[in-house]
Amino acid sequence: MKFIHLSDTHFGAFSSYPKLHTKELEEFKKLLTEYIDFIVISGDIFNMPFQMFEGLDDLIFSMRAFTESGRHIYAVPGSHDISSGSSIFSILEAAGIITNVFKIKEKDGYIYLERTYDKRTGVSLYGIGGETNSREIELYNKIIVKPEEKSIFLFHSPIKGSLGIQGARELDLENMPKGFSYYAGGHVHKRMVKMIDGAYLIYPGLFFGSSFDELYSHTERGYVLVEDFKPKFIEIEPLNICIYNVNCENRSSRNVLDEIQSKLEEINADIMFINLFGKASFDPDEINIGKIPLKLKRKFILMIRKKDIKYESEEIPLEIDNLENEVKSIKNPFSLDLLEFVDKLKIEKVEGEMNDEFKKRMLKSLRNELERVEYNDNQVN
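Residue numbering note: each chain is counted from 1, following its sequence as written. Since the coordinates come from a predicted model, pLDDT governs what is reported: local features require at least 70, and pairs of side-chain atoms require 80 or more to be given and counted, while whole-chain, interface and lining totals use all residues. The side-chain values count all of the structure's non-hydrogen atoms but skip hydrogen atoms and water molecules.

## Thoughts on the environment of L56
Here is step 1 of the chain: Note on conventions: DSSP H or I runs of at least 4 residues are helices, E runs of at least 2 residues are strands, and numbering of each starts at the N terminus. By the element assignment, L56 lies in helix α2 (residues 56–68).
Here is step 2 of the chain: Each C-alpha atom of the pair L56 and I88 lies 9.9 Å from the other, and the pair is 32 residues apart in sequence.
Here is step 3 of the chain: When checking whether two residues touch, look at their non-hydrogen atoms; a contact exists if any pair is within 4.5 Å. Setting aside its immediate chain neighbours within four residues, L56 contacts F46, Q51 and I88.

## Let's talk about the packing of aromatic side chains
Both the distance between ring centres and the angle between the ring planes are used here to describe each pair of aromatic rings.
Here is step 1 of the chain: Two rings from Phe, Tyr or Trp (for Trp, the six-membered ring) form a pair when their centres sit within 6.5 Å of each other. Planes less than 30 degrees apart are called stacked, planes more than 60 degrees apart edge-to-face, and all others tilted. If you walk through the whole model with that rule in mind, you get 17 aromatic pairs.
Here is step 2 of the chain: Seen in terms of ring centroids, F3 and F38 are 4.9 Å apart; in terms of plane orientation they differ by 10°. Their pairing is stacked. In this pair, F3 is assigned in strand β1 (residues 2–6) and F38 in strand β2 (residues 38–41), connecting sequence segments 35 residues apart. Side by side, F3 and F38 carry an identical accessibility label, which is buried. Burial classes: relative accessible area under 20% of the type maximum marks a residue as buried, over 50% as exposed, and values in between as partly exposed (1.4 Å probe, protein chains only).

## Considering the sheet that holds strand β4 (residues 99–100)
Here is step 1 of the chain: On the basis of which strands lie adjacent, the open sheet formed by 6 strands has the order β4-β3-β2-β1-β14-β15 and mixed pairing. Two strands lie at the open edges of the sheet, namely β4 and β15 (230–235), each paired on one side alone.
Here is step 2 of the chain: Inspection of the sheet shows strand β14 (residues 222–227) paired to β15 by 6 bridges, in the antiparallel sense. Its bridge partner lying in β15, V224 is registered against F233.
Here is step 3 of the chain: Packing against the sheet, helix α1 (residues 18–31) makes contact with β1, β2 and β14, and its axis sits at approximately 160° to β1. Any two strands with at least two DSSP-identified bridges between them are counted as paired. Each axis is a line fitted through C-alpha atoms, and for a helix only the stretch in contact is used; angles between axes span 0 to 180 degrees, taken between their N-to-C directions.

## With respect to the side chain of H5
Here is step 1 of the chain: Relative to the assigned elements, H5 resides in strand β1.
Here is step 2 of the chain: Not counting chain neighbours up to four residues away, the residues in contact with H5 comprise V40, S42, Y182, A184, G185, I202, P204, Y223, V224 and V226.

## A word on the sheet that holds strand β18 (residues 301–311)
Here is step 1 of the chain: Strand order in this open sheet of 3 strands is β16-β17-β18, and the pairing throughout is parallel. Two strands bound the open sheet, and with one partner strand each, they are β16 (241–247) and β18. Pairwise comparison of adjacent strand axes, ignoring direction, gives a mean angle of 15° for this sheet.
Here is step 2 of the chain: Of the strand pairs in this sheet, strand β17 (residues 271–280) and β18 are connected by 9 bridges, and their pairing is parallel. Bridge assignment links N275 to a residue of β18, and that residue is R305.
Here is step 3 of the chain: Contacts from helix α5 (residues 253–266) reach β16, β17 and β18, with the element oriented near 155° to β17.

## Quick look at the environment of I60
Here is step 1 of the chain: In this fold, I60 is placed in helix α2.
Here is step 2 of the chain: Take I60: its relative accessible area is 23%, and that puts it in the partly exposed class.
Here is step 3 of the chain: Between the C-alpha atom of I60 and that of I97, which follows or precedes it by 37 residues, the distance is 8.0 Å.
Here is step 4 of the chain: Filtering out sequence-adjacent residues up to four positions away, I60 remains in contact with L92 and I97.

## A few points about the environment of N268
Here is step 1 of the chain: Relative to the helices and strands, N268 is located in the loop between α5 and β17.
Here is step 2 of the chain: C-alpha of N268 to C-alpha of I241: the two residues are 27 residues apart in sequence and 9.1 Å apart in space.

## Re the pattern of salt bridges
Here is step 1 of the chain: Criterion for a salt bridge: a side-chain nitrogen of Lys or Arg within 4 Å of a carboxyl oxygen of Asp or Glu. Here the structure, examined in full by the defined rule, presents 20 salt bridges.
Here is step 2 of the chain: Put simply, K19 and D270 hold a salt bridge, and the shortest N to O gap is 3.1 Å. One end of the pair, K19, is in helix α1; the other, D270, is in the loop between α5 and β17, and 251 residues separate them in sequence.
Here is step 3 of the chain: For E26, the salt bridge identified is with K29, shortest N-O distance 3.0 Å. Residue E26 and its partner K29 are located together in helix α1, separated by 3 residues, close to a single helical turn.
Here is step 4 of the chain: Look at E26 and you get partly exposed, because its relative accessible area is 39%.
Here is step 5 of the chain: K29 sits in the buried class, given a relative accessible area of 13%.

Printed below as a string of structure tokens:
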């Protein structure tokens, strides 16, 4: 008996970057050609519940071909898969392309897990899907289940200590239902291995990635090949990622830009991360992709990261009357009514408006408001 376990594919996350988006879909479709009995996906198959993207129809066609061969794709929904109405996940479930094993019955205050049986291998599957803010964790104290000898439990929840975030809602390992042969975890975007009474509990980590920050910081990407409940991590084909660090201390923005341009001319990569660090005397916003020649930007996906740079701006001098201990005058005052500013940013999404359109409209409103504040400041000066 052999199956593939993966999670958090987040299909559609890179739909605005065709090279990455296509590569992820192709890597997944390769799995559908492997000689395996079934596939297990522990949630967050899609990055958004109902996002249309290039190649979705071909992806679904490949998944259907896999199931029509007599094999199944077993899954639980993750927090990114669900919505109040229909979703891609629910449509694929209704079409029989995905088999949702998150089936429960509530009775007398308890949660009874219902079995999904794989006739090909004789394996029983059960599962608990993920919800926003990990609200599903409340179910685990009420679970009643008696798993069979060959059984898999799918879940999309973080176990205690897995997120590394203070105060995060996480699942105590003691509350995990006992007696399963394999525990297929999801939601945690890093590889983890635990044991429960001799059975493996596995988080496969990222299959590909859901953000550029993850591509920057994660080198392990892939899935788990499980044979007779013994797991083996498999890497997918790596991306050609180049990270170049630029020290900005005691330099002009022009000098930094010249160094970046020179480096871009000699490097070839799928993704190029320029990481700025150090204490800069110039505004980091002066270093932006718009100042890079077009011929270089077309070579690869270019990202300029500014998380490690500190901007040493001038302090605002104050003139203080020591006797009355009051501020008499402030140079370069910032004439911003904070409550008024926040109120103007209470922008709601219009029905039918796409996320990208809403984001652009919100940023435009923010930019207009900041320009108004800047104009008023200049009038004061």
